[in-house]
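# Observations on the three-dimensional arrangement
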Amino acid sequence: MDIKNAQIIVDDWINDHGVRYFNELTNMAQLTEEVGEVARIIARRYGEQSEKESDKGKDLGEELADVLFVVLCLANQTGVDLQKAFDKRMDKKAKRDHDRHHNNEKLK
């Protein structure tokens, strides 16, 4: 599935199940909340914090998918073609960063 199709799937879901999009500010707050849930898992599972028993069953993939869902909602409701923006960004990064990362001693 490409990003364009993912945006369509999210829009269809909103129209079929969600009634309407939350406003942009609500979705921004929701995105922050979802990123916080990802951060909690990463910090406790891969970082130095100990993982609480209540966190052990949390699925990182599902939490990342929640972040993606809200990002797709924000793109839809603000008229952003995320596929086009992503492709443009990847092209820019490839041109800008190719030699930079290959020549970075810290990455060797």
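Residues numbered from 1 in each chain as written. Predicted model: local features only at pLDDT ≥ 70, side-chain atom pairs only at ≥ 80, totals over all residues. Heavy atoms only, no water.

- An unreviewed UniProt entry lists the protein chain under the name Nucleotide pyrophosphohydrolase, with Flavivirga jejuensis as the source organism.

### Comments concerning the packing of aromatic side chains
- Going through the model one piece at a time under the given rule, you end up with one aromatic pair.
- For the ring pair Trp 13 and Phe 69, a centre distance of 5.6 Å and an interplane angle of 85 degrees mean the geometry is edge-to-face. Pair noted here: Trp 13 is in helix α1 (residues 3-18) and Phe 69 is in helix α3 (residues 60-78), with a separation of 56 residues, a long-range link.
- The class of Trp 13 is partly exposed, set by a relative accessible area of 41%.
- You can call Phe 69 partly exposed: its relative accessible area is 30%. (Phe/Tyr/Trp six-rings, centres within 6.5 Å; stacked < 30°, edge-to-face > 60°. Helix = DSSP H or I, 4+ residues; strand = E, 2+ residues; numbered from the N terminus. Buried < 20%, exposed > 50% of the residue type's maximum accessible area, 1.4 Å probe, protein only.)

### A few points about the pattern of salt bridges
- Going through the model one piece at a time under the given rule, you end up with eleven salt bridges.
- Among the ionic pairs, Asp 55 bridges to Arg 40, the shortest N-O distance being 2.9 Å. In this pair, Asp 55 is assigned in the loop between α2 (24-45) and α3 and Arg 40 in helix α2, connecting sequence segments 15 residues apart.
- Its relative accessible area of 4% is what places Asp 55 among the buried residues.
- Here Glu 105 and Lys 108 are joined by a salt bridge, their closest N and O atoms 3.7 Å apart.
- Classification of Glu 105 as exposed rests on a relative accessible area of 60%.
- Through salt bridges with shared partners, a single ionic network connects Arg 40, Arg 44, Asp 55 and Lys 58. (Salt bridge = Lys/Arg side-chain N within 4 Å of Asp/Glu carboxyl O.)

### Overview of helix α4 (residues 82-102)
- With 21 residues, α4 should reach 30 Å at 1.5 Å per residue; the first-to-last C-alpha distance of 28 Å fits that figure.
- The opening residue of α4, the one whose side-chain oxygen lies 3.2 Å from the backbone nitrogen of Gln 83, is Asp 81. (Expected span 1.5 Å × (residues − 1). Polar contact = N/O pair within 3.5 Å; in protein donor to acceptor, adjacent residues only side chain to side chain.)

### Here we look at the nonpolar core
- Counting residues in each nonpolar core, the largest one holds seven residues, listed as Leu 31, Val 38, Ile 41, Leu 60, Val 67, Val 70 and Leu 74.
- Within the residue set of this core, elements represented by two or more residues are α2 and α3.
- In terms of residue count, the dominant contributor to this core is α3 (four residues).
- Not counting chain neighbours up to four residues away, the residues in contact with Val 70 comprise Asn 27, Gln 30, Leu 31 and Glu 34. (Core = buried A, V, L, I, M, F, W, Y, C linked by side-chain atoms within 4.5 Å. Contact = heavy atoms within 4.5 Å.)

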